Amino acid sequence: LVEVMAKYECYRLVFSSSATIYGSTITDKIKEDHDIKPHNPYGHTKAAVEDLLTDLYNSNDKWSFAILRYFNPVGAHSSGQIGEDPFGIPNNLFPFISNVAAGRIKKLKVFGSNWPTPDGTGVRDYIHVSDIAKGHFDAFNYLLQRKKGKLLKINLGTGKGYSVLEVINTFNNVIGNKIPYEIVDRRSGDNAISIADPSLAKNILGWEAKNSLFDMCRDSWNWQAKNPNGYY
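The structure reproduced in this document is the subject of the present report. (Residues numbered from 1 in each chain as written. Predicted model: local features only at pLDDT ≥ 70, side-chain atom pairs only at ≥ 80, totals over all residues. Heavy atoms only, no water.)

1. Here we look at the overall build of the chain
- Each helix and strand counted, the chain has seven helices and ten strands in total.
- The C-alpha atoms of the chain give 19 Å as radius of gyration, which agrees with the globular expectation for 232 residues (17 Å, within 12%).
- Taken along the three principal axes of its C-alpha coordinates, the chain extends 55 × 40 × 30 Å.
- Looking at the chain as a whole, 44% of its 232 residues are labelled buried.
- Long-range pairs, those at least 24 residues apart, make up 80% of the contacts in the chain with a sequence separation of at least 6.
- Accessible area of the chain: about 12,600 Å², with a carbon and sulfur share of 51%.
- Mean positive and mean negative side-chain charge positions of the chain (27 and 24 charges, respectively) differ by 3 Å. (Helix = DSSP H or I, 4+ residues; strand = E, 2+ residues; numbered from the N terminus. Rg over C-alpha atoms; globule rule 2.2 N^0.38 Å. Buried < 20%, exposed > 50% of the residue type's maximum accessible area, 1.4 Å probe, protein only. Contact = heavy atoms within 4.5 Å. Areas by Shrake-Rupley, 256 points an atom, 1.4 Å probe, with all protein chains shown as cover. Lys, Arg positive; Asp, Glu negative; His and termini not counted. Charge placed at Lys NZ, Arg CZ, Asp CG, Glu CD.)

This is the structure:
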């Protein structure tokens, strides 16, 4: 991709990275200078591409890269026309909950109840996909305004953490019913807590997340209710 971009003198790129590159952490909020220690294959792929882009920038300052480290994008477009429809059994919490609420899956699996968190379930910084989209818009505009090359590595998150049980309870409030769930063993590669420090995004891009957890649950359910069988 970058070879073709260079051929046509297209030197600006926004890369979708992930908070999984940080691996385990005991800090309250993760800043961009946190150690890069992914402990699953997905995180390693993101860290590898970040290294590649960093080396490319250092070798030729014509390049401008905005590396955006997402912290758990969830939700759907507020219209209910665009949403998440994974194949098979979902791996992520929100599409799993939506499928249970729609009756496509009988019960939600909660992976572990003995994490070192207030209620024993994993805590994550969930961010609405619309806020992620705005982050891309702001990052690319920032690159367009720079005459010289630039390398940005920026967290996109809300700075707030919610446990699995908090998400379930909020979803219950949205649908007016209770999501059935069961506690199962932890998954290999999971962390107890992952919360962003999004201050750099605000300081450099003027960006911050606007949507609440309720908004995320509401829009996820709006998509699922309007598309009970997904896109098919």
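2. Some remarks on a nonpolar patch on the surface
- Taken together, the side chains of Ile-82, Phe-87, Tyr-231 and Tyr-232 define a hydrophobic patch exposed on the protein surface, amounting to about 590 Å² of accessible area.
- Tracing the backbone shows Tyr-231 in the segment after helix 7 (213–226). (Patch = residues over 30% accessible without salt bridge, like charges linked within 9 Å, V, L, I, M, F, W, Y side chains within 5 Å. Salt bridge = Lys/Arg side-chain N within 4 Å of Asp/Glu carboxyl O.)

3. Remarks on the sheet that holds strand 7 (residues 150–156)
- If you trace the three strands from one edge of the open sheet to the other, you get 1-2-7, paired in parallel fashion. Each edge of the open sheet carries a strand with a single partner, namely strand 1 (12–18) and strand 7. Going across the sheet, the axis of each strand differs from the next one's by a mean of 15°, ignoring polarity.
- As paired elements, strand 2 (residues 64–70) and strand 7 share seven bridges and run parallel to each other. Bridge pairing in strand 7 links Tyr-70 to Leu-156.
- Sheet strands in contact with helix 2 (residues 41–59) are strand 1, strand 2 and strand 7, and its direction is about 155° off that of strand 1.
- The strands touched by helix 4 (residues 129–144) are strand 1, strand 2 and strand 7; relative to strand 2, the strand with the most contacts, the crossing angle is about 160°. (Pairing = 2+ DSSP bridges. Axes fitted to C-alpha atoms, helices over the stretch in contact; angles between N-to-C directions.)

4. A closer look at the side chain of Asn-191
- With respect to the element layout, Asn-191 can be found in the loop between strand 9 (181–184) and strand 10 (193–194).
- Since its relative accessible area comes to 14%, Asn-191 is described here as buried.
- A polar atom in the side chain of Asn-191 sits 3.1 Å from the side chain of His-39.
- Aside from chain neighbours lying at most four places away, what touches Asn-191 is Gly-23, Ser-24, His-39, Trp-115 and Arg-124. (Polar contact = N/O pair within 3.5 Å; in protein donor to acceptor, adjacent residues only side chain to side chain.)

5. Focus: the sheet that holds strand 5 (residues 123–124)
- Across the sheet, which stays open at both edges, the three strands sit in the order 8-5-10 with mixed pairing between neighbours. Pairing within the sheet leaves two strands with one partner each, and these edge strands are strand 8 (162–163) and strand 10.
- As paired elements, strand 5 and strand 10 share two bridges and run parallel to each other. The residue of strand 10 that forms the bridge with Arg-124 is Ser-194.

6. Section: the pattern of salt bridges
- Scanning all chains against the criterion turns up eight salt bridges.
- Asp-190 serves as the salt-bridge partner of Arg-187, at 3.0 Å between the closest nitrogen and oxygen.
- Residue class for Asp-190 comes out partly exposed when judged on its relative accessible area of 22%.
- In this structure, Glu-208 and Lys-210 form a salt bridge, with 3.7 Å as the shortest nitrogen-oxygen distance.
- Taking relative accessible area as the criterion, Lys-210 reaches 65% and is therefore assigned exposed.
- Residues joined in a network through salt bridges with shared partners are Lys-202, Glu-208 and Lys-210.

Such coordinate-based values are descriptive only and should not be taken to indicate function.
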